[in-house]
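Notes for the structure review
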Amino acid sequence: MLRENVTDLMSFVVVARVGSFTRAAAQIGVSQSALSHAVRGLESRLGVRLLTRTTRKVTPTSEGERVLERIAPHFSQIEEELEALVEMRDRPAGTIRITATDHAADAVIWPKLSPVLKEYPNLKVEVVTDYSLTDIVAEKFDAGVRLGEQVSEGMIAVRVGPDFRMQVVGSPAYFKDREKPRVPQDLTDHDCINLRLPTHGGLYAWEFEKEGRELKVRVDGQFTFNTIYPVVRAALSGYGLGYVPEDLVRAHIEAGDLVSVLDEWSPPFSGYFLYYPHRRQSSLAFGVIVDALKHRS
């Protein structure tokens, strides 16, 4: 009933607007007799006459005018929305929500997406920084960016960054009256700047590897932070040793503001990956984001 009424109402609207069954039939692409039958069927079901027909002209009755006033605008809105959707096929639009650590947001997401968003003004990206292993489905994120080893099974994973390494660093002032650690176990005798991770049961245990041997060392010191950038600042200020991504401290090491130790215990490991569920509905906007973030070696 609803489908039939909607189709016939659209036919009536066109006829009433152009004032002719002949012109309306040509505009819609149906025969004049079929159009006349559709309008008569609508009038019969409603029990009212909607059009006054003469040999020269077709005009809406008072009831027909009411239908045009109340219903026709809704058809116009639907047409406008459908036209807008067609236009959006070539113009990515919408909001993409991504969860990432602050380092991933700074090292990967910002440099790769900031130029892309200038090309697509209708595309928006919301980045929520968090060190927990967020359930992106439950929290209604479109995707997440984490280290490869942290991506849960069942997710599509796309590499978005190169391999990188962590480095233990301290300032020259810190090492002035202290011996540099030679093996990871020596860190227990040093002031270290801790990082608290919600998904690691508290404080992050520093992870090392050499010749297939893996070690985790729990460290202690005056400062504990829940993000990585304050760790770098504290290390620069001489408050202890920090364990941070190499790219954050490379310039400081080259400038002599920080000293790297235990390098042989810190081999490169898998970098950042964008991950999202298999059942995520594909969209042009999401495709633009994935392509922009994809790592190209």
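Treat the numbers as computed from the prediction; the structure is a model and nothing was measured. (Residues numbered from 1 in each chain as written. Predicted model: local features only at pLDDT ≥ 70, side-chain atom pairs only at ≥ 80, totals over all residues. Heavy atoms only, no water.)

The next subject is the overall build of the protein. The number of helices and strands found in the protein is 10 helices and 15 strands. For 297 residues, the compact-globule estimate of 2.2 N^0.38 gives 19 Å, and the C-alpha radius of gyration of the protein, at 33 Å, exceeds that figure by more than 25%. Going through the 297 residues of the protein one by one, you find that 41% of them count as buried. When contacts within the protein are restricted to residue pairs at least 6 apart in sequence, those whose partners lie at least 24 apart make up 73%. Per element, the accessible surface of the protein, about 17,300 Å² overall, is 50% carbon and sulfur. Charged side chains of the protein number 36 positive and 40 negative; the gap between the two group centres comes to 9 Å. (Helix = DSSP H or I, 4+ residues; strand = E, 2+ residues; numbered from the N terminus. Rg over C-alpha atoms; globule rule 2.2 N^0.38 Å. Buried < 20%, exposed > 50% of the residue type's maximum accessible area, 1.4 Å probe, protein only. Contact = heavy atoms within 4.5 Å. Areas by Shrake-Rupley, 256 points an atom, 1.4 Å probe, with all protein chains shown as cover. Lys, Arg positive; Asp, Glu negative; His and termini not counted. Charge placed at Lys NZ, Arg CZ, Asp CG, Glu CD.)

Quick look at the packing of helix α2 (residues 21-28) against helix α3 (residues 32-46) now. Between α2 and α3, the least distance of the axes is 9 Å, while the angle of their chain directions is 105 degrees. With respect to their mutual orientation, α2 and α3 come out roughly perpendicular. Along its contact with α2, which presents Phe21, Thr22, Ala24, Ala25 and Ile28, the element α3 presents Gln32, Leu35, Ser36 and Val39. Across the contact of α2 with α3, the residue classes tally to six nonpolar, three polar and no charged. (Axes fitted to C-alpha atoms, helices over the stretch in contact; angles between N-to-C directions. Parallel < 35°, antiparallel > 145°, perpendicular 65-115°, else oblique. Nonpolar A, V, L, I, M, F, W, Y, C, P; charged D, E, K, R; others polar.)

All right, on to the packing of helix α8 (residues 229-236) against helix α9 (residues 246-255) then. Two elements in contact, α8 and α9, have axes separated by 11 Å at closest approach and are oriented at 20 degrees. Judged by the inter-axis angle, α8 sits roughly parallel to α9. In the crossing of α8 with α9, the sense of the turn from one axis to the other is right-handed. Contacts between α8 and α9 involve Tyr229, Val232 and Leu236 on the former and, on the latter, Leu248, Val249 and His252. Looking at the contact of α8 with α9 residue by residue, the classes come out as five nonpolar, one polar and no charged. (Left-handed = near helix turned anticlockwise from the far one by under 90°.)

Here the focus is the pairing of strand β7 (residues 166-170). In terms of burial, β7 is a largely internal element, five of the five residues being buried. Residues Met166, Val168 and Gly170 line one face of β7 and the alternating positions Gln167 and Val169 line the opposite face, and both faces are buried. The pairing of β7 with strand β13 (residues 242-245) spans four bridges and is classified as antiparallel. Considered in β13, the bridge of Met166 is made with Pro245. (Pairing = 2+ DSSP bridges.)

Let us now look at the environment of Ala292. When you line up the elements, Ala292 lands in helix α10 (residues 284-293). Measuring from C-alpha to C-alpha, the distance between Ala292 and Val169 comes to 32 Å, with 123 residues separating the pair along the chain. Residue contacts for Ala292: discarding those within four places in its chain leaves Lys112, Leu113 and Val116.

Pairing is antiparallel in the open sheet, where three strands are placed in the order β13-β7-β14. Only two strands of the sheet have a single neighbouring strand rather than two, namely β13 and β14 (259-261). Averaged over all adjacent pairs, the angle separating strand axes in this sheet is 50 degrees, with direction ignored. Of the strands in this sheet, β7 and β13 touch α8, which is tilted by about 130 degrees from β13. Sheet strands touched by α9: β7, β13 and β14. Its angle to β13, the strand with the most contacts, is close to 110 degrees.

Right, let's get into the side chain of Glu43. Along the chain, Glu43 falls in helix α3. Looking at Glu43, its side chain comes within polar contact range of the side chain of Arg53, at 3.1 Å. Setting aside residues up to four positions removed in sequence, Glu43 forms contacts with Val48, Arg49, Leu50, Leu51 and Arg53. (Polar contact = N/O pair within 3.5 Å; in protein donor to acceptor, adjacent residues only side chain to side chain.)

To continue, consider the pattern of salt bridges. One pass over the full model with this rule turns up seven salt bridges. Put simply, Glu43 and Arg53 hold a salt bridge, and the shortest N to O gap is 3.1 Å. Remark: Arg53 occurs in strand β1 (residues 51-53) and Glu43 occurs in helix α3; sequence separation between them is 10 residues. Between Asp291 and Arg296 there is a salt bridge, with its nearest N and O atoms 2.9 Å apart. On the accessibility criterion, Asp291 (41% relative accessible area) is partly exposed. What makes Arg296 exposed here is its relative accessible area of 53%. (Salt bridge = Lys/Arg side-chain N within 4 Å of Asp/Glu carboxyl O.)

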